[in-house]
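# Descriptive analysis of the structure
Read off the chains here:
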Amino acid sequence: MKPVIGITGNRLVKGVDTFYGHRVTYTQQHYVDAIQGTGGLPVVLPIDKPAAAAQAISLIDGLLLTGGQDISPHLYLEEPNPEIGAYSPQRDHFEMALVHAALEAGKPIFAICRGLQLVNVALGGSLYQDVNYVKQPLVQHLQHVDETLGSHTINIEKDSQLNQLFSDKKVVNSLHHQFIKTVADKLVVSARTTDGMIEAMEGSRELASWFIGVQWHPEMMFQRDPETQKLFQIFLQAAQKHE
């Protein structure tokens, strides 16, 4: 049996001509391709009320938290700054409930871009709302080259799970304007960019579940990069233990 992977879905707020004006629930095909390409069975989890999260988690073997909108700054006790983009409180609250339900059930979580930021906030951490609020000089984090190609280098901690897959340095893509600021308890930093920004985190020994979160978009690099394929493989292996 293939491990069932719940992929968090997003929702079009306004209808578009492509869908005849109807609103739709969706996820990018890259996520589906990466899970199917690694031997998993992807299931999109539409935005719902937080009370539905535990049942949703009971139906899957692993949780993939996807990219998307910014996260409401109210969740880490800040007012929205002028540069913050669109955010969806309903999505935020449902996905935070999914995180807590997955941790309670001991099911693995793989978090990508917004997903990493959401787990950090769900566990008590905070974010820089925009690049303008980061004091140190930055490399380009919102790249202009092909998104399937790497853009900047990350330095990986030697004792991390990531270092078992990648060398100490890895070139990854980058499509974000918000950053991890305060690291939540039970999470540890496993990679940073050369400007010091956090690019990956993993669960500490105190975290109840397997967890890796990355700030880049490995699903977009999946077809081109064998090392990235290994990242999805270890997630699927962790999920397979819960079949």
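Residues numbered from 1 in each chain as written. Predicted model: local features only at pLDDT ≥ 70, side-chain atom pairs only at ≥ 80, totals over all residues. Heavy atoms only, no water.

Taking an unreviewed UniProt entry as the reference, the chain is identified by name as Peptidase C26 belonging to Listeria grayi DSM 20601.

Turning next to the pattern of salt bridges. Should their charged atoms come close, side chains of opposite charge can pair. Summed over all chains, the structure comprises 8 salt bridges. Here lysine 181 ties to glutamate 78 by a salt bridge, and the two come within 2.9 Å at their closest N and O atoms. With lysine 181 in the loop between strand S10 (179–180) and strand S11 (187–193) and glutamate 78 in the loop between strand S5 (62–65) and helix H3 (89–105), this pair connects stretches of sequence that are 103 residues apart. Judged by relative accessible area, which is 22%, glutamate 78 ranks as partly exposed. The partner of arginine 114 in a salt bridge is glutamate 95, with the nearest N and O atoms 3.2 Å apart. Here the residue arginine 114 occupies a position in helix H4 (residues 114–122), and glutamate 95 occupies one in helix H3, the gap between them amounting to 19 residues. When its relative accessible area of 2% is taken as the criterion, arginine 114 is described as buried. Within this structure, Arg91, Asp92, Glu95 and Arg114 form a network of salt bridges that share partners. (Salt bridge = Lys/Arg side-chain N within 4 Å of Asp/Glu carboxyl O. Helix = DSSP H or I, 4+ residues; strand = E, 2+ residues; numbered from the N terminus. Buried < 20%, exposed > 50% of the residue type's maximum accessible area, 1.4 Å probe, protein only.)

Buried within helix H1 (residues 29–37) we find Tyr31, Val32, Ala34 and Ile35. For H1, the arc enclosing every buried residue in end-on projection is 165°, short of the 170-degree limit, so these residues lie on one face. Residues of H1 that are buried in the fold lie against strand S1 (4–8), strand S4 (41–45), S5, strand S6 (109–112), helix H6 (218–221) and helix H7 (226–240). Glycine 39 occupies a position one or two residues after H1 and carries a positive phi of about 100°. (Arc of directions from axis to C-beta. Contact = heavy atoms within 4.5 Å.)

Counting buried positions over the 5 residues of S1 gives 5, a clear majority of the element. In the sheet, S1 pairs with S4 via 5 bridges, with the strands oriented parallel. Pairing of valine 4 across the sheet is with leucine 41, part of S4. Across 3 bridges, the pairing between S1 and S5 is parallel. Across the sheet, residue isoleucine 7 finds its bridge partner in S5, namely leucine 64. (Pairing = 2+ DSSP bridges.)

Glancing now at the packing of aromatic side chains. Evaluation of the coordinates by the stated rule reveals 5 aromatic pairs. Here phenylalanine 110 and phenylalanine 235 contribute two aromatic rings whose centre-to-centre distance is 5.5 Å and whose plane-to-plane angle is 50°, an arrangement assigned as tilted. Placement of phenylalanine 110 in strand S6 and of phenylalanine 235 in helix H7 is noted, with a sequence separation of 125 residues between them. With respect to class, phenylalanine 110 is no different from phenylalanine 235; both count as buried. Between phenylalanine 166 and tryptophan 216, the aromatic rings sit 6.4 Å apart at their centres with planes inclined by 50°, giving tilted as the arrangement. Of this pair, phenylalanine 166 sits in the loop between helix H5 (162–165) and strand S9 (169–172) while tryptophan 216 is found in the loop between strand S13 (211–214) and H6, placing the two residues 50 residues apart along the sequence. Given the relative accessible area of 3%, phenylalanine 166 is considered buried. (Phe/Tyr/Trp six-rings, centres within 6.5 Å; stacked < 30°, edge-to-face > 60°.)

For H3, with 17 residues, the first-to-last C-alpha span of 24 Å sits near the 24 Å given by 1.5 Å per residue. The complete set of buried residues in H3 reads Arg91, Asp92, Phe94, Glu95, Met96, Ala97, Leu98, Val99, Ala101, Ala102 and Leu103. Looking at the residues trailing H3, positive phi occurs at glycine 106, about 70°. (Expected span 1.5 Å × (residues − 1).)

Core analysis: the biggest nonpolar cluster contains 33 residues, and Leu63, Leu65, Leu98, Val99, Ile109 and Phe211 have the highest contact counts within it. Secondary-structure elements contributing two or more residues to this core are helix H2 (53–58), S5, H3, S6, H4 and strand S12 (198–203). Element by element, the count of residues in this core is highest for H3, at 8 residues. Aside from chain neighbours lying at most four places away, what touches leucine 65 is Thr8, Glu95, Val99, Ile109, Phe110, Ala111, Ile112, Gly115, Leu118 and Val119. (Core = buried A, V, L, I, M, F, W, Y, C linked by side-chain atoms within 4.5 Å.)

Let's shift gears to the sheet that holds S11. Read across the open sheet, the 9 strands follow the order S4-S1-S5-S6-S13-S12-S11-S8-S9; overall the sheet is mixed. Of all the strands in the sheet, just S4 and S9 have a single pairing partner and so form its edges. Adjacent strand axes in the sheet meet at a mean angle of 25° when their direction is disregarded. In the sheet, S12 pairs with S13 via 3 bridges, with the strands oriented antiparallel. (Axes fitted to C-alpha atoms, helices over the stretch in contact; angles between N-to-C directions.)

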